[in-house]
Amino acid sequence: MTITQPDLSVFETVESEVRSYCRSWPAVFDRAQGSRMYDEDGHAYLDFFAGAGSLNYGHNNPVLKRALIDYLEQDGVTHGLDMSTSAKRAFLESFQELVLRPRDLPYKVMFPGPTGTNAVEAALKLARKVKGREAIVSFTNAFHGMSLGSLAVTGNAFKRAGAGVPLVHGTPMPFDNYFEGTVPDFLWFERLLEDQGSGLNKPAAVIVETVQGEGGINVARPEWLRALADLCVRQDMLLIVDDIQMGCGRTGAFFSFEEAGVVPDIVTVSKSISGYGLPMSLCLFRPELDIWEPGEHNGTFRGNNPAFVTAAAALETYWSDGSAMEKQTRARGEQVEESLISITEENLADVKEYRGRGLVWGLEFHEKARAGRVAQRAFELGLLIETSGPESEVVKLLPALTITPEELDEGLRIVARAVRETAETTATV
């Protein structure tokens, strides 16, 4: 692909140095549809990023776009705080009927604000309020958001350092397979809980991702998650599952914890819940935990009605026919896994491991900087992928759930080529 140098001057002179994704993908994107984005010169890029998981149904999904346009054209309420609106009612009814009831989940639904970290902050506040304790346990390589409470339960040293203040009341414990099978699950955690001299304050809750996306696509085994849920019951701690990136069908089932057969006390949902990339998040919790006072946690933009409209349309379109979406995602995931097996076999000296579930996969290299070069070469070849992990050592594949088998195969061929060509580059340096 021949790409002319785009005019990035206004971004470089006016926008803050904090910008990141645009540095990896030096293009000015102009439009997008389905699994493709287009720059101002008309060059097409296959998207294996999906808005960091916010676009599970692709860019400008026509069904969701039609629902949104119809709503706006009839002057539907756009901003409503937490007022009752027809758009909110339609979403709540669809969510209850298509998501909660079929899974026998009794959750109350809270709209804490438009972003994932808003949902995490609400979950942490509620857990502390319910239990009357301050401590929260998280896990190594976790990522839960960029506001202070969320950073306190995030593992990444670089992101934590940006807080500028002490991050307190959060204690990390080893995630699944952190010790590569040499230590029994939760040995350290449970011993600290039971030892009155350990110095660990009794936690109000444990917060966990079933698949750590930003942490490097670390997949928790179902038996590990079940053991964690049992530990929380025995030790009187609430279990919070952060399903912000891995929910809404990303791993197959609507919620990523369904496979393990656990029912968390609190669940955070965001990213693809609106289905269209519109800001929206939920904090779900057992009814007996709903001890909030009116207005005790609020936010000006927690009533994003256009997001309610597209969210309801997404549920009706993709989750009203039982397990069809889940089966499709698992089939696409098998397609990805087969390709990653081939890439690994062709690059045995370079690839450390591939891992994932559903349509979230990671490819880790022994040489940590290799992942960045693969992502860069993939961009040059017309594919958008990012890296993850504490040292950006993992190539992260996160395509839309609606991607076609042909598009998926096209992108996987580019990944294989990028791996092959960066090996050749390394060998000649």
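Note that this is a predicted model, so its numbers are computed, not measured. (Residues numbered from 1 in each chain as written. Predicted model: local features only at pLDDT ≥ 70, side-chain atom pairs only at ≥ 80, totals over all residues. Heavy atoms only, no water.)

## Brief notes about the pairing of strand E12 (residues 282–285)
In step 1: The alternating pattern of E12 places Leu282 and Leu284 on one face and Cys283 and Phe285 on the opposite face, and all of these are buried.
In step 2: Here strand E4 (residues 108–110) pairs with E12 via 3 bridges, running antiparallel. Within E12, the residue paired with Met110 across the bridge is Cys283.
In step 3: As paired elements, strand E11 (residues 266–269) and E12 share 4 bridges and run antiparallel to each other. Bridge pairing in E12 links Thr268 to Cys283. (Buried < 20%, exposed > 50% of the residue type's maximum accessible area, 1.4 Å probe, protein only. Helix = DSSP H or I, 4+ residues; strand = E, 2+ residues; numbered from the N terminus. Pairing = 2+ DSSP bridges.)

## Quick word on helix H6 (residues 116–131)
In step 1: Compared with the 22 Å implied by 1.5 Å per residue over 16 residues, the 23 Å span of H6 between its first and last C-alpha is a close match.
In step 2: Among all positions of H6, only Gly116, Thr117, Ala119, Val120, Glu121, Ala122, Ala123, Leu124, Leu126 and Ala127 are buried.
In step 3: Looking at the residues trailing H6, positive phi occurs at Gly132, about 70 degrees. (Expected span 1.5 Å × (residues − 1).)

## A look at a negative patch on the surface
In step 1: Judged by side-chain charge, Asp7, Glu12, Asp30, Glu40 and Asp41 come together as a negatively charged surface patch.
In step 2: Among the structural elements, Asp41 can be located in the loop between strand E2 (36–39) and strand E3 (44–47). (Patch = residues over 30% accessible without salt bridge, like charges linked within 9 Å, V, L, I, M, F, W, Y side chains within 5 Å. Areas by Shrake-Rupley, 256 points an atom, 1.4 Å probe, with all protein chains shown as cover. Salt bridge = Lys/Arg side-chain N within 4 Å of Asp/Glu carboxyl O. Lys, Arg positive; Asp, Glu negative; His and termini not counted. Charge placed at Lys NZ, Arg CZ, Asp CG, Glu CD.)

## Quick look at the sheet that holds strand E17 (residues 394–397)
In step 1: If you trace the 4 strands from one edge of the open sheet to the other, you get E13-E14-E17-E16, paired in antiparallel fashion. Lying at the two open borders of the sheet, with one neighbouring strand each, are strand E13 (351–357) and strand E16 (386–388). With direction set aside, neighbouring strand axes in the sheet form an average angle of 30 degrees.
In step 2: Strand direction decides the pairing type here: strand E14 (residues 360–365) and E17, joined by 4 bridges, are antiparallel. Paired with Trp361 across the bridge in E17 is Leu397.
In step 3: Seen against the sheet, helix H12 (residues 324–346) touches E13, E14 and E17 and runs at an angle of roughly 10 degrees to E14. (Axes fitted to C-alpha atoms, helices over the stretch in contact; angles between N-to-C directions. Contact = heavy atoms within 4.5 Å.)

## As for helix H13 (residues 370–380)
In step 1: Burial in H13 covers these residues: Arg370, Ala371, Val374, Ala375, Ala378 and Phe379.
In step 2: Gly382 lies just past H13 and shows a positive phi near 95 degrees.

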